[in-house]
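Spelled out from the first residue to the last, the chains are:
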Amino acid sequence: MYGLKLDWDPEPETKCFVLQDYQGLEPRWCPGCGDLAVLAALQRLVRDEQIPPEKIAVISGIGCSSRFPHYMKTYGFHGLHGRPLPIASGVRSRRPDLDVFVITGDGDCCAIGTSHWIHAIRYNMNMTVLMLDNNIYGLTKMQSSPTTRLGKKSNTHPRGTILGPLDPISVTLSITNASFVAQTVDWNPPHVLATIRAAHEHQGLSFVRIMQRCPHYTPEIWTEYQQDPSCIFLLDHPDGIPVDAGVARLFENKVDHDPSDLPAARDLAALDEVIPIGLLYRNPDAQRYDLAMHEGLDMPLDDRITAAQAEVDRFLI
Amino acid sequence: MTTVDQHVVEIVCDSGEGAQTAGQMFGTISARMGYGVWTVEIIPAEIEPPNRSRAGASGNRIRIGTQPIINMGDSADIVLAFNEQVLYSRIDVGAFGRGTRIFLENKWATDPDEGIRKDYADALADFEKRGYVVYEVPMEVECLKVVADARRGKNIWNLGLLCALYQYDPALVGAELEKKFQRKGTKVIEANKDLFKAGYEWCQENVDFGFQVPVQPSEGQSVVMNGNTAAALGIMAAGMDLCSMYPITPATSVSHYLAAAFQRTGGVVHQAEDEIAAIGFAIGASYAGKTAVTVTSGPGLALKTEFIGLAVMSEIPLVIVVVQRGGPSTGLPTRVEQGDLLASLYAAPGDAPKIVMAPTTIAECFHFMITARKLAEAYRGPVIVLTDANLATGQTLFERPVVEESWFAPPVDQSDWQPDVKPYAWDDDTGLSPRPIPGQRDGSYVLTGLAHDENSRIAYDSDINQRSMNRRSRKLHTLHKSLKPPVVHGDDSGDLLVVSWGSTGGAIEEAVDRVRADGGKLSCVSLRFLSPLEPGLKEIFDRFKKVMTIEINYSEPADEPGIPEANRRYSQLAWLLRATTLVDIDCWSRVSGIPLPPGVIEAELRRRINLKPRSGADVRIEAGLGS
Ligand SMILES: Cc1ncc(C[n+]2csc(CCOP(=O)(O)OP(=O)(O)O)c2C)c(N)n1
Ligand code: SF4
Ligand SMILES: [Mg+2]
């Protein structure tokens, strides 16, 4: 369909989707906001995969990042603060045919939505979860989030936060039945795209934490990593996230990490001062709750009616 | 032999002694014989209470009658008890009255433990003072003549006694025993048949009275079940295939039944991590085109309110079943209350108009699910169905529903959407609009809980907000127009009209009929729709000199010292009706945790219209409840 291929058959009915087909309203994020980079990457991914826009559901919570669905021209659900995962799981439970993406923030996922985060990971229903981590509550104007670094001044901690940050990757890796855990940085578009492509290909719940720039409230937090890419460890492995030569060249510090090695993944996540990017963990054999949920979905109406009558008749006297 | 038109039987024991099985069988057999039946489970508050505990009664109340039975009745006529202590938990809820006949296991009189012998003797003396008639029965001794382990057979022996007392045909019971114990093999069946026969014969030889309840077999087939099972079956028959829930008494059994039955009918129960996730999951499914149901009770409803507001705001069809229990907070988890009416109507951030319905009967618990699903879809929003612990666990007969194709949800619409139709193309008159479903080409929109315009675009514009609030509210008026005025039970006008909602309807009807038979000019009406209210209420109210509600939620009587009229707190339906009709509606309500017996209601109604108490009426139950 896309481009000239030898096995191409004329398909007059099939439309070839271009980027504009996925572009919704003009984004209203601040200039330089990392969310823009992620939006561009997701639009490219679904364009590359040629997924019909109506077959995509982008589901978010509340926050700057959660405005995301409005900027896509697909089905979207901009729901409640902290609750995108239950909604997405409900969609997935009845609609195996849709492609489900979840956009959540560090407050949305790791504070108000914590219980859903843990359980969604355990349910491992097929969906791609992008957690945009700017280390702050953006929308509500700079309150500390669970991932805010120790000592960072915010409106709720004017003298600096009291506690050190919670590490979302360590938490996710500790949840039973985790099946895909990756990390990337919004300022490297090829790596973002490669990561979400791998996440989307994965059958099960893929959790991607994206270090997100918030020039408005946390302009300083990633500068060091941007200026010195050696603070970033590129996870390198044939089973990991394939990267192009440019990315490979930029991140000179590479770690040979087998994504099936959970203890090694936990060790990497626990490292201070450096950010590992790439695929930390993948378990393609993790149980899938959505497959169990789909049982009976295709039962014909006539059979349903007969079965329901039989249930009623069990109570005949 | 005395002929009676209805009777109330209770069989109680320590948990694990099988009174529930025997009681249920007596109910089923009675129903099969053509009687009207209402049974109530008697459940101990703890999972494994100690034996001979006052809090540990386990068993059944079975009310049978010539006519259909619509409530649990007043004080018991016949009680079978395996020890004297469990009777006290029934006494606490006013289950017995002067003249109640109790068949009591007498082995405690000769128990080796002196304390037990004394407790038994004290109780006997106390029962006599209370006016009960006690028959001491050597249950264990008689059972041991037939089986080796009396603890495992006493229930069926007592079933025999009971069936002899009411002249039931032993052959019918034999067939029931075979069915019940089929899986346990012929040896068990034979042992139980022997126990039954022994109990039956013991009664014939030793009891010099008996009762005859005339039968009036009805036409057509009936089913018998409790309200939670009826709701579960209704959910299935409505074509809903996802029930998303978090366990909470007394709602959970809906999902227990569904979890098993869905395997056969195609569907799933999702046990979520909490009530918020449960409704979020259901909303996701509904958004994706499959209207789902979530089942809960008061504390769960409290957690769901933010999502209910979202469903109203973004117009997502959803059915929410609330099986009410005692509140506030954890309250009385297993007991009856109708305390969540106002929470259902109003608990949400801002104004969130939604449909709220309440079944009055167990049959309606079934049928309202079908209506609720259709209303949720047609009116594009959440529908709350309020039942309570009384309907949830009471069992009765109703006409066998014949499942129809039209009850089922249509398949998810995946046809192309018309590009020029907006996702919220509100009709100016009705507020209704068609809903695009993910997968429909050209229908893409972004649903949002923020204020939005017809295109589902976030809109902070004041005119747009005013207009969209108005359109969502208008849907209730559209439904209101299509509803019929409620049917008044009794004369069209009179001295007093009693208004109720939910499970109290049956007992109120019976009480009103008794007072009417004595010349009282009063009627009653039971409301099924609470939002919108059924039409014509003010016109009905205006034809009566006085109007009052009777409910099971908290209110203060007008004459209670220390309560200024201006600050009096009315029961919830009264509050709502006063506000909407400006009629000076009074109320009488109790939060005793138990269903209101008809006799208690009757006494209050007589007081209200200055009619003297019925002669022989048992004031004790009233006193017990009034405290
Ligand atoms: C129940 C509820 N509580 C609080 C809020 C207010 N609120 C909106 S967004 C937000 C935090 C957003 O932070 P994050 O999830 O990190 O997203 P960001 O804006 O940083 O992208 C809060 C507290 C809300 N909308 N709902
Ligand atoms: S406040 Fe921060 S996160 Fe929000 S839009 Fe601006 S830059 Fe992005
Ligand atoms: Mg944030």
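Residues numbered from 1 in each chain as written. Chains lettered and ligands numbered in written order. Predicted model: local features only at pLDDT ≥ 70, side-chain atom pairs only at ≥ 80, totals over all residues. Heavy atoms only, no water.

Draft legend 1. Molecular detail of the domain arrangement of chain B. All names here are of chain B. As assigned here, chain B comprises domain 1 (2–210), domain 2 (223–402), domain 3 (415–482) and domain 4 (494–625). Counting from both sides, the interface comprises 19 residues of domain 2 and, opposite them, 25 residues of domain 3. Summing both partners gives a buried area of about 1,900 Å² for domain 2 against domain 3, and 61% of it is carried by carbon and sulfur. In this assembly, domain 2 and domain 3 are joined by 1 salt bridge. For the salt bridge of Lys475 with Glu315, the shortest nitrogen-to-oxygen distance reads 2.8 Å. Connecting domain 2 to domain 3 are 10 residue pairs in polar contact (both at pLDDT 80 or more). Elements with a minimum of two residues in the side of domain 2 that touches domain 3: helix H10 (275–287), helix H11 (298–314) and helix H13 (362–378). Per element, the largest residue contribution to the side of domain 2 that touches domain 3 is 4 residues, and it comes from H11. (Domains from an automatic or database assignment. Contact = heavy atoms within 4.5 Å. Buried area = accessible area lost by both parts, 1.4 Å probe. Salt bridge = Lys/Arg side-chain N within 4 Å of Asp/Glu carboxyl O. Polar contact = N/O pair within 3.5 Å; in protein donor to acceptor, adjacent residues only side chain to side chain. Helix = DSSP H or I, 4+ residues; strand = E, 2+ residues; numbered from the N terminus.)

Draft legend 2. How the structure looks around the environment of A:His257. All names here are of chain A. Here His257 lies in the loop between strand S10 (254–256) and helix H9 (262–270). The class for His257 is buried, based on a relative accessible area of 3%. When the C-alpha atoms of His257 and His237 are compared, they prove to be 5.8 Å apart, with 20 residues separating the residues in sequence. Look past the residues within four positions of His257 in its chain and what remains in contact with it is Leu235, Asp236, His237, Ala264, Ala265, Leu268, Leu279 and Leu280. (Buried < 20%, exposed > 50% of the residue type's maximum accessible area, 1.4 Å probe, protein only.)

Draft legend 3. Spatial organisation of the pattern of salt bridges. Summed over all chains, the structure comprises 51 salt bridges over all chains. Here A:Arg314 makes a salt bridge to A:Glu311, at a shortest N to O gap of 3.8 Å. We classify A:Glu311 as buried; its relative accessible area is 2%. A salt bridge links B:Arg373 to B:Glu377; the nearest nitrogen and oxygen atoms lie 2.8 Å apart. Residue B:Arg373 and its partner B:Glu377 are located together in helix H13, separated by 4 residues, close to a single helical turn. Bridged by salt links that share partners, the residues B:Arg63, B:Asp74, B:Glu510, B:Arg514, B:Asp518, B:Glu602, B:Arg606 and B:Arg614 form one connected network.

Draft legend 4. Representation of helix H2 (residues 84–94) of chain A. Burial analysis of H2(A) places 11 of its 11 residues in the buried class, the great majority of the element. Among the residues making up H2(A), those that are buried are A:Pro84, A:Leu85, A:Pro86, A:Ile87, A:Ala88, A:Ser89, A:Gly90, A:Val91, A:Arg92, A:Ser93 and A:Arg94.

Draft legend 5. Summary view of the interface of chain B and chain A. Taken together, the contact between chain B and chain A spans 67 residues of the former and 52 residues of the latter. In this assembly, chain B packs against chain A so that about 4,900 Å² is buried in total across both faces, 65% of it on carbon and sulfur atoms. Three residues stand out in chain B for area buried against chain A, namely B:Glu273, B:Phe281 and B:Val446, and they jointly supply 12% of the buried area on that side. Note that A:Arg94 is salt-bridged to B:Asp241, the shortest N-O span being 3.0 Å. Counting across the chain B and chain A interface gives 26 residue pairs in polar contact (both at pLDDT 80 or more).

Draft legend 6. Layout of empty space enclosed by the protein. Residues and elements named next belong to chain B. All chains considered together, the criterion is met by 3 cavities of 30 Å³ or more. Within this model, the largest cavity holds a volume of roughly 100 Å³. If you go around the largest cavity, the residues you meet are Val312, Pro353, Lys354, Ile355, Tyr379, Arg380, Gly381, Pro382, Arg472, Lys475 and Leu476. By residue number, the principal contributor to the lining of the largest cavity is helix H15 (residues 462–482), which donates 3 residues. Of the residues assigned to the lining of the largest cavity, the class counts are 6 nonpolar, 1 polar and 4 charged. Among the domains, domain 2 (223–402) and domain 3 (415–482) are the pair contributing at least three residues each to the lining of the largest cavity. (1 Å grid on protein atoms, 1.4 Å probe; cavity = no way out; pocket = protein on both sides within 12 Å on 5 of 7 lines; lining within 4 Å. Points joined across faces, edges and corners; volume = space filled by probe spheres on them. Nonpolar A, V, L, I, M, F, W, Y, C, P; charged D, E, K, R; others polar.)

Draft legend 7. Structural context of the coordination of the magnesium ion (ligand 3). Residues and elements named next belong to chain A. With distances of 2.0 to 2.2 Å, the protein atoms coordinating the magnesium ion (ligand 3) are Asp106 (OD), Asn134 (OD1) and Ile136 (O). Sequence spacing of the donor residues for the magnesium ion (ligand 3), all on one chain, is D-x27-N-x1-I. Of the two residues, Asp106 sits in helix H3 (residues 106–112) while Ile136 sits in strand S5 (residues 136–137), which places them 30 residues apart along the sequence. Owing to a relative accessible area of 2%, Ile136 belongs among the buried residues under this scheme. (Donors = N, O, S within 2.8 Å, 3.2 Å for Na, K, Ca; no water.)

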